[in-house]
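Residues per chain are reported as follows:
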Number of protein chains: 2
Amino acid sequence: MSVTAAQGFRASGVTAGLKPSGKPDVALVVNDGPDHHAAAVFTSNRVCAAPVTWSKQVVSDGRVDAVVLNSGGANAITGGQGFLDTHRTAELVAEVTGLSAGDVVVCSTGLIGELLPMPKLSAGIQVAAQKLTADGGAAAAEAIITTDTHAKTSVVQGDGWVVGGMAKGAGMLAPALATMLVVITTDAVVDDEVLDGVLRSATHVTFDRIDSDGCQSTNDTVLLMASGASGVRPTTDALATAVTQCCADLARQLIGDAEGAAHDIAIEVRTAASEADALEVARAIARNNLFKCAIFGRDPNWGRVLAAVGTTKAAFVPEQLAVSMNGVQVCRDGGVGDDRSLVDLSGREVHLAVDLNAGAETVTVWTNDLTHDYVHENSAYST
Amino acid sequence: MSVTAAQGFRASGVTAGLKPSGKPDVALVVNDGPDHHAAAVFTSNRVCAAPVTWSKQVVSDGRVDAVVLNSGGANAITGGQGFLDTHRTAELVAEVTGLSAGDVVVCSTGLIGELLPMPKLSAGIQVAAQKLTADGGAAAAEAIITTDTHAKTSVVQGDGWVVGGMAKGAGMLAPALATMLVVITTDAVVDDEVLDGVLRSATHVTFDRIDSDGCQSTNDTVLLMASGASGVRPTTDALATAVTQCCADLARQLIGDAEGAAHDIAIEVRTAASEADALEVARAIARNNLFKCAIFGRDPNWGRVLAAVGTTKAAFVPEQLAVSMNGVQVCRDGGVGDDRSLVDLSGREVHLAVDLNAGAETVTVWTNDLTHDYVHENSAYST
């Protein structure tokens with residue numbers, strides 16, 4: 001049930017008319033406590049949207065009472081008026097819920113460079129507040145999607161407590177982070193300062209390791225809220241494991257529904273000298289258009305993998321590189337390995353393994369192939 | 001007239017059967033002197049092809065007598081056997097021309113990860129040597145192309161001397177350099193040590209500033225040979241200007257014929273604090289798939305430009321950024337500018353100008369859009 005699986009939360013999703021399609025486009029999630037602890041991570045893009053600038057301030061004291069999310073407009077690169085609109089959005093939520101605007105996180109997603117239609121959004125917030133219920137998680141998850149083909153939710157059961165979340169994001173998926181909005185809730189009892197570390201360690205190995213198209217968004221937000229309503233205090237390790245599992249589940253769903261993709265590709269870089277080396281190599285491969293086109297064409301063109309590896313500063317000796325695709329070792333000792341025609345790329349999921357033979361670190365980054373549908377969707381998005 | 005426009009050079013292009021299409025695939029260029037000065041720049045990809053490893057050694061003493069180029073196979077990531085094949089290729093040229101193998105540069109282009117069919121290549125070199133003529137430049141230019149739709153040549157007339165060149169390259173175009181092989185000749189009299197500086201300053205502002213698809217090749221080579229046959233010694237400035245003009249002409253032709261492209265996009269980053277800043281910003285935009293798809297769709301989606309700018313470390317304040325597309329200032333002071341619907345993207349050439357308002361440096365990088373044809377060509381290349 002998404003963000004309302006945990007006790008202490010109400011949510012709703014309504015249609016305000018921001019999307020031309022007439023589909024739901026405003027979601028509201030309220031934390032009824034007793035605790036109101038929160039942590040969040042945001043896009044590292046220096047050109048960030050007004051809601052990101054606002055929400056960073058809201059979260060900085062560790063308390064969040066509600067989050068309002070809209071699809072149908074990113075409110076990014078909209079100048080002073082855009083920030084005033086975000087501020088006004090938080091005030092509207094505060095007015096109808098009786099909360100303080102300074103405790104209301106705002107998230108927006110959609111086209112960049114357009115102001116939001118505030119009268120419509122304002123009316124939508126009124127309705128969303130009226131519809132808040134303890135089982136509104138599904139409706140909220142539905143209201144935040146854009147080019148996603150379906151809503152993404154995840155629930156992880158703890159021992160007497162729960163972690164649940166929702167996510168949207170289908171394009172501009174890249175670390176750190178992807179074009180995505182994620183809200184995760186828990187009713188676990190947890191100290192304020194623990195929450196931030198739990199979220200950062202979870203996103204580091206999940207959302208930061210998906211890279212659909214190398215394009216970093218201006219609006220990415222991952223918010224974790226804790227109500228304490230279960231009355232149960234898990235160990236930090238147990239909570240971290242559950243939050244990481246929830247994030248991994250949502251991240252995998254984002255890759256599985258990325259714009260136009262025909263393959264989900266796990267790039268496992270092994271025997272690296274450091275985690276940073278492994279990540280650099282994995283991301284270089286994930287962003288190589290020629291490799292991504294080859295996978296779309298079911299072509300085990302491993303030369304493009306090594307050409308991508310060669311652009312990095314990672315520690316390796318070219319003559320010691322090895323590459324496997326779906327279990328077939330097509331490259332051995334930096335040269336030709338087993339017959340590439342043995343590789344079967346007909347399935348949706350592809351496993352690429354690259355051995356640097358320079359150490360003991362392993363990292364997996366998920367990406368997608370580059371397809372006609374990706375070009376189509378992204379050449380026709382705003383027109 | 002390509003590489004034989006300058007006196008002192010003979011060239012040829014023949015069909016050895018390396019390409020399944022049966023089109024010409026082996027080119028030979030010989031410098032008959034009296035001088036045999038040469039300089040070259042190569043791919044910075046750490047996974048480089050056997051011919052690159054070989055040719056770096058050949059050029060290191062500043063003397064090159066001939067260059068043999070083959071399409072139909074890159075001889076990259078082919079291990080010890082690949083290097084032996086390159087060495088043997090140089091020896092074959094030496095045998096049939098009476099030169100020393102250590103003065104023969106070898107260039108290969110085509111699919112990565114396959115060994116060359118040496119009997120065919122060997123026979124082709126025999127024929128190429130027999131067909132060497134002082135007007136063979138056009139045939140040589142034809143024999144080096146792969147997915148190019150036409151041969152690329154350029155001639156710049158000096159005062160009593162000439163600079164001429166040929167280039168191939170249509171995919172994997174990225175600094176530094178593109179998947180390209182370039183041979184430039186001049187009959188100017190020029191000192192050995194001058195030649196290297198002239199070539200590096202020319203490629204820095206030409207081939208290093210085209211980035212069609214962000215993918216760096218394993219085989220890139222730009223070779224400049226000087227015969228001194230004109231007997232005329234130009235100033236270093238005059239020669240540098242001519243070589244730069246020749247490189248710029250060839251680079252523009254490469255972008256104009258890039259795989260599947262429908263638009264050639266000049267990304268001009270202005271008022272940057274440094275050349276490095278301007279280049280970082282221009283390349284970030286050039287590699288943004290969402291922006292490239294938008295241009296294909298004739299969609300002036302400038303928000304994607306600023307999202308790309310925001311991923312860089314360049315000096316700028318988001319609120320001072322400005323963007324123009326084909327003369328329409330769609331973004332002003334980091335916010336919405338003139339109506340984006342005024343932008344006409346129906347022509348092949350697009351001019352994007354980004355002002356950082358952080359200094360006085362300007363850099364232009366050329367790229368292409370991301371199209372259905374790019375995906376098609378690169379998903380079906382090896383199969």
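Residues numbered from 1 in each chain as written. Chains lettered and ligands numbered in written order. Predicted model: local features only at pLDDT ≥ 70, side-chain atom pairs only at ≥ 80, totals over all residues. Heavy atoms only, no water.

Where an unreviewed UniProt entry is consulted, chain A appears under the name Arginine biosynthesis bifunctional protein ArgJ, with the organism given as Branchiibius hedensis. Looking at chain A in UniProt, the text filed under Subunit (unreviewed entry) is "Heterotetramer of two alpha and two beta chains." Entered under Sequence similarities (unreviewed entry) in the UniProt record, the comment concerning chain A runs "Belongs to the ArgJ family." (UniProt positions renumbered as here; feature names shortened; annotations may be inferred.)

All names here are of chain B. Taken together, the 6 strands give an open sheet; going across it, the order is β15-β14-β13-β16-β12-β17, and neighbouring strands pair in mixed fashion. Every other strand in the sheet has two partners, leaving β15 (335-336) and β17 (361-368) as the edge strands with one partner each. Relative to strand β14 (residues 328-332), strand β13 (residues 322-325) is paired through 3 bridges, and the arrangement is antiparallel. By the bridge assignment, V323 is partnered in β14 with C331. (Pairing = 2+ DSSP bridges. Helix = DSSP H or I, 4+ residues; strand = E, 2+ residues; numbered from the N terminus.)

The subject of this paragraph is the relation of the copies chain A and chain B. Between chain A and chain B, the superposition needs a rotation of 180 degrees and an axial shift of 0.0 Å, giving an RMSD of 0.0 Å. In the structure described here, the two chain copies are related by an operation that fits a two-fold rotation axis. For chain A, the residue whose C-alpha comes nearest the rotation axis is H372 of chain A, separated from it by 2.7 Å. (Least-squares fit on C-alpha atoms with pLDDT ≥ 70 in both.)

Each side of the interface is counted separately: chain A has 52 residues, and chain B has 53 residues. Interface of chain A and chain B: buried area, both sides summed, is about 4200 Å²; carbon and sulfur atoms make up 59% of it. When residues of chain A are sorted by the area they lose upon contact with chain B, R46, I77 and L290 of chain A head the list and together hold 16% of the total. Linking chain A to chain B there are 2 salt bridges. Our enumeration of links across chain A and chain B arrives at 17 residue pairs in polar contact (both at pLDDT 80 or more). In terms of residues, the side of chain A that touches chain B owes the most to one element, helix α10 (residues 372-379) of chain A, which gives 6 residues. (Contact = heavy atoms within 4.5 Å. Buried area = accessible area lost by both parts, 1.4 Å probe. Salt bridge = Lys/Arg side-chain N within 4 Å of Asp/Glu carboxyl O. Polar contact = N/O pair within 3.5 Å; in protein donor to acceptor, adjacent residues only side chain to side chain.)

This paragraph deals with the packing of aromatic side chains. In this structure the tally under the stated criterion is 2 aromatic pairs over all chains. Over the ring of W366 of chain A we find R252 of chain A; its NZ or CZ atom is 4.1 Å from the centre of that ring. Note that R46 of chain B overlies the ring of F316 of chain A, its terminal NZ or CZ placed 3.9 Å from the centroid. (Phe/Tyr/Trp six-rings, centres within 6.5 Å; stacked < 30°, edge-to-face > 60°. Lys NZ or Arg CZ within 6 Å of the ring centre and 35° of its normal.)

This brings us to the side chain of T221 of chain B. Residue and element names in this part refer to chain B. When you line up the elements, T221 lands in strand β11 (residues 221-226). At a separation of 3.1 Å, a polar atom in the side chain of T221 contacts the main-chain carbonyl oxygen of N219. Residues within four places of T221 in sequence aside, it is in contact with V41, F42, V52, C107, M180, L181 and V182.

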